[in-house]
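# Per-entry structural report
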Protein chains: 2
Amino acid sequence: MSILVVGSVALDTVKTPYGEIEDALGGAATYFAAAASYFAQVNLVGVVGDDFDHNQIEFLKSRNVDLTGLERQTGKTFRWGGVYSNDMNDRETTFTHLNVFESFSPKIPESYRDSEYIFLANIAPELQLDVLKQVHSPKLVALDTMNFWIEGALPALQEVLGKVDILLINDSEAKQLAGENNLVKAARAIHKMGPKTLIIKKGEHGALLIPNDMNFFVAPAYPLETVFDPTGAGDTFAGGFMGYLARTNSINKESLSQALIAGSAMASLCVEKFSLERLKDLTGAQIHGRVQEFSKMMHFDADGAGFNL
Amino acid sequence: MSILVVGSVALDTVKTPYGEIEDALGGAATYFAAAASYFAQVNLVGVVGDDFDHNQIEFLKSRNVDLTGLERQTGKTFRWGGVYSNDMNDRETTFTHLNVFESFSPKIPESYRDSEYIFLANIAPELQLDVLKQVHSPKLVALDTMNFWIEGALPALQEVLGKVDILLINDSEAKQLAGENNLVKAARAIHKMGPKTLIIKKGEHGALLIPNDMNFFVAPAYPLETVFDPTGAGDTFAGGFMGYLARTNSINKESLSQALIAGSAMASLCVEKFSLERLKDLTGAQIHGRVQEFSKMMHFDADGAGFNL
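Residues numbered from 1 in each chain as written. Chains lettered and ligands numbered in written order. Predicted model: local features only at pLDDT ≥ 70, side-chain atom pairs only at ≥ 80, totals over all residues.

## Let's talk about the overall build of chain A
- Helix and strand counts for chain A stand at ten helices and 13 strands.
- With the C-alpha coordinates aligned to their principal axes, the bounding extent of chain A is approximately 70 × 40 × 35 Å.
- Looking at chain A as a whole, 51% of its 309 residues are labelled buried.
- A separation threshold of at least 6 residues defines the contact pool for chain A, and within that pool the share at least 24 residues apart is 65%. (Helix = DSSP H or I, 4+ residues; strand = E, 2+ residues; numbered from the N terminus. Buried ≥ 20, exposed ≤ 12 C-beta atoms within 10 Å, placed from the backbone. Contact = placed C-beta atoms within 7 Å.)

Put into C-alpha cells, the structure is as follows:
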C-alpha cells in the first residue's frame, strides 16, 4: 500500500556535542519518507526554494519515494538551526527561517490521491484539513501536531482531529491538548476528540500506544551509548510506524504494537548519524536486527516460578 | 531464602491532589519489607522513638516480617513531610526531622546474620559498610543511595559500592555518580566501581536493568489513571525486586528481568492508595494479575510479517 506524507522539507544547521553540520537535508516529510520507504512506497508533498540542490534528495527516488509532489518555488528553502545540550535532552532553536514554507499550500498530485495511508506531518491544522479534502478514501489517516497549534489554532486542530484515526503527539503536548495532568485521563479526553488511537512520544523514554479500549502497548527507547543527532527522530519514528502498517495493510492491536517497535527501531538507527545519513543505506537485516534487540529487552515470562504466590 | 533490610522507619505527613495524611507509617525499610514479604521472609533493622505506636507496624509480623531488629529509642520517631505537585512528578519536602534516626547505628541481631539476601536502603554509606561487617556470607547484596551521599560522602560510598552486587539508583543520580551525561556510559563507569548489575529507576518512565554484559532489560511504568500517593514507590519496587530474587533463589538474566517486573508491579499497586495501605492485604492473584498486565503491554512478535524486509 502507498503512503502520502505532507510536511516540511528543510535545510538544518545543527550543533551537537559530536559535531556540527550546516544546511544539511532535514524536514519532517523528508525524515518520514526516508524511514517509511524501507516498508512501503511513499508519495511526498512539500516545498523547496530555488536554492535547493535536488541532488541532496535524489537518494529518496532510488528508495521508491515519489517526489512529483515536491514543489519548487522562487525564494529560499525553509531553514532551521538548533544546538543540543550535552545530555542531548534539551535543544535551543537558534533560528527558524520559514522562507517558501511560510506560504506553503499543499497541492496533492492526481496520482497521489488514492494513497491508502496518509501522514499529516506537523503543519498548520488548516493545511492538514485542506489535504484531507483533496484525497479520495484513505484507509488510515495519522496526524502529528505541536504546542504551537494547540495554543494558536485550537478550533482548526479540533476540526481536523475529528477526521483522523491516529494522533502522534508528545506526552506534555497530549496533557496540554486535553487540559489533564494525568496521561491516561488525557488520552481518554483525546479519544473523544476523534482519534481512536494515540501514540505518545516520550523521546528518550520511548513511546506508548493507547487505543480507545485502553489496552496499552509500550516501546522503550533503545539505550544508545552515542546519540549523534536527535534531529528528526520523531518523524523517523512516524515513518517506521506508518510504513509498517502500510506494509502489512492491517490495523489491529498486534500490527499497531509491531508498528510502534518498527518506529522505535528506525528512530534509534536515525540518531546514530547526522541528518538523514543513517537512513540512506540501511539493510532489511539491520532493521530486523534492531527489532530483535527490542524484543530481547522486553521479553520476560509472566509465569516465571517466583510469580506463583 | 530470607532477606535482611536495613533502613528508615518513619512517620510521613503527605499531601497529594487526592488528600492528605499526617504521621502515617512510612520509611524505606517499611515499604521494602511490606512489598518483599509477598515473596520471601524478611528481617528488618531500623529504629523508632518511644512515641511510635507499634500497632501501626503490627501487620508486618503477620506477613512474616521479623521485627526483632526494630530498635526503640528514647526520643521521637523520624518524621518527613512532603507535598506533591498536581501532575505528581514533583514533590517539595516540607520538613525532615531525623530525630532518633540521626544517631541510627544498625545492630544486626544474631538471628539475622545468616540472611542470604541483603538490601541496604538509602542511609549513610558508612552505616551500609558497618552492616556488611556484621553479616556472614550473603548470596546477594543490593544497595540504594542518593545525591546527598554522592555529594557528601563519596569515598565511603565508593568503598561500599566495591562490596555490593546490585546498585539501585535514579537515572539522574547514576549520571551524577559516574560524571557522565549518557546513561549507557554512566552504567559502564559504575560497573567498574563494583556492582555487576545496575537497576536504573526512572519513576513514571519505568526501570532499566543494565547487567555488565550490557544485555538490557526494560520495564515500563504501569499507566495509572489515579496515582494517590507516590511516596515509597522506589522502596516498594526494591522490595518486589529483591523479594522475587530471594523467592526463586537464582540470579541470572531471566530471574533479574522477572524481578524487575515484580518490583514494577508492586510499585504500581502501592501508589494506588496512601501510605502502605495497599501493601497490607494484596493477594497473590492480584500481584500475578498485574504482572500479566505488564506482559500484555510489552509483548510483540519480532518476526511479524512486516519485519520481513
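Let's pick the thread back up.
## Quick look at the nonpolar core
- Counting residues in each nonpolar core, the largest one holds 216 residues, and the members touching the most others are Val5(A), Phe32(A), Val5(B) and Phe32(B).
- Apart from the residues within four sequence positions on either side, Val5(A) is in contact with Ala29(A), Phe32(A), Ala33(A), Val42(A), Leu44(A), Phe119(A) and Ala121(A). (Core = buried A, V, L, I, M, F, W, Y, C linked by C-beta atoms within 7 Å.)

## Brief notes about the relation of the copies chain B and chain A
- The transformation that overlays chain B on chain A combines an axial shift of 0.0 Å with a rotation of 180 degrees, and the residual RMSD is 0.0 Å. Both copies of the chain, as the preceding transformation shows, are related through a two-fold rotation axis.
- Comparing contact sets, 100% of the residues at the interface of chain B also lie at the interface in chain A, consistent with an isologous, same-surface contact. (Least-squares fit on C-alpha atoms with pLDDT ≥ 70 in both.)

## With respect to the pairing of strand S1 (residues 2-6) of chain A
All names here are of chain A.
- Of all the five residues making up S1, four are buried; the element is thus mostly covered by neighbouring parts of the structure.
- Note: S1 against strand S4 (residues 41-49), five bridges, orientation parallel. Looking at the pairing, Ile3 lines up with Val42 of S4.
- Bridge count between S1 and strand S8 (residues 117-120): four bridges; the pairing is parallel. Considered in S8, the bridge of Ile3 is made with Tyr117. (Pairing = 2+ DSSP bridges.)

## Points about the interface of chain B and chain A
- Chain B puts 43 residues into the contact, and the matching count from chain A is 43 residues.
- Elements that contribute at least two residues to the side of chain B that touches chain A include exactly helix H7 (183-193), strand S13 (217-219), helix H8 (233-248), helix H9 (253-270) and helix H11 (284-298) of chain B.
- Tallying contributions element by element places H11(B) first for the side of chain B that touches chain A, with nine residues.

## What to know about unusual backbone geometry
- One non-glycine residue, Asp23(A), adopts positive backbone phi at about 50 degrees.
- Looking at the secondary structure, you find Asp23(A) in strand S3 (residues 19-26).
- A tally of 17 C-beta atoms within 10 Å means that Asp23(A) is categorised as partly exposed.
- Backbone geometry places Asn249(B), a non-glycine residue, at a positive phi of 50 degrees.
- Considering the arrangement of structural elements, one finds Asn249(B) in the loop between H8 and H9.

## Focus: the sheet that holds strand S11 (residues 197-201) of chain A
Residues and elements named next belong to chain A.
- Taken together, the nine strands give an open sheet; going across it, the order is S5-S4-S1-S8-S9-S10-S11-S12-S13, and neighbouring strands pair in mixed fashion. Edge positions in the sheet fall to strand S5 (65-73) and strand S13 (217-219), since each has one partner strand and no second. On average, adjacent strands in this sheet sit at an angle of 15 degrees to one another, irrespective of strand direction.
- Pairing of strand S10 (residues 166-170) with S11, which is carried by five bridges, proceeds in the parallel orientation. Note on S11: the bridge partner recorded for Ile169 is Ile200. (Axes fitted to C-alpha atoms, helices over the stretch in contact; angles between N-to-C directions.)

## Section: the sheet that holds strand S8 (residues 117-120) of chain B
Residue and element names in this part refer to chain B.
- Strand order across the open sheet formed by nine strands is S5-S4-S1-S8-S9-S10-S11-S12-S13, with mixed pairing between neighbours. The open sheet terminates on both sides in strands that have one partner only, identified here as strand S5 (65-73) and S13. Along the sheet, successive strands turn relative to each other by an average axial angle of 15 degrees, direction set aside.
- Pairing analysis gives seven bridges linking strand S4 (residues 41-49) to S5, with the strands arranged parallel. Bridge pairing links Val47 to Glu71 in S5.
- Where helix H6 (residues 171-178) meets the sheet, its contacts fall on strand S10 (166-170) and strand S11 (197-201), and the angle it forms with S10 comes to roughly 110 degrees.

## Observations concerning the environment of Leu168(B)
Residues and elements named next belong to chain B.
- Tracing the backbone shows Leu168 in strand S10.
- In this structure, the C-alpha to C-alpha distance between Leu168 and Ala238, residues 70 residues apart in sequence, is 7.8 Å.
- Not counting residues within four places of it along the chain, the set of residues in contact with Leu168 comprises Ala142, Asp144, Ile199, Lys201 and Ala238.

## Section: H7(B)
Residues and elements named next belong to chain B.
- Within H7, burial applies to Leu183, Ala186, Ala187 and Ile190. Summarising the axial view, the buried residues of H7 lie within an arc of 100 degrees, below the 170-degree limit, and thus occupy one face.
- The inward-facing, buried residues of H7 abut S10, H6, S11 and strand S12 (207-211).
- A positive backbone phi angle near 145 degrees is found at Gly194, which sits one or two residues after H7. (Arc of directions from axis to C-beta.)

## Concerning the packing of helix H9 (residues 253-270) of chain A against helix H10 (residues 284-298) of chain A
Residues and elements named next belong to chain A.
- It is at 9 Å that the axes of H9 and H10 come closest, and there the two elements cross at 115 degrees. Between H9 and H10, the angle falls in the class roughly perpendicular. In this structure, H9 crosses over H10, and the sense of that crossing is right-handed. Contacts between H9 and H10 involve Ile261, Ala262, Ser264, Ala265, Ser268 and Leu269 from the former and Ile287, Arg290, Val291 and Phe294 from the latter.
- Partitioned by chemical class, the residues of the contact of H9 with H10 number seven nonpolar, two polar and one charged. (Parallel < 35°, antiparallel > 145°, perpendicular 65-115°, else oblique. Left-handed = near helix turned anticlockwise from the far one by under 90°. Nonpolar A, V, L, I, M, F, W, Y, C, P; charged D, E, K, R; others polar.)

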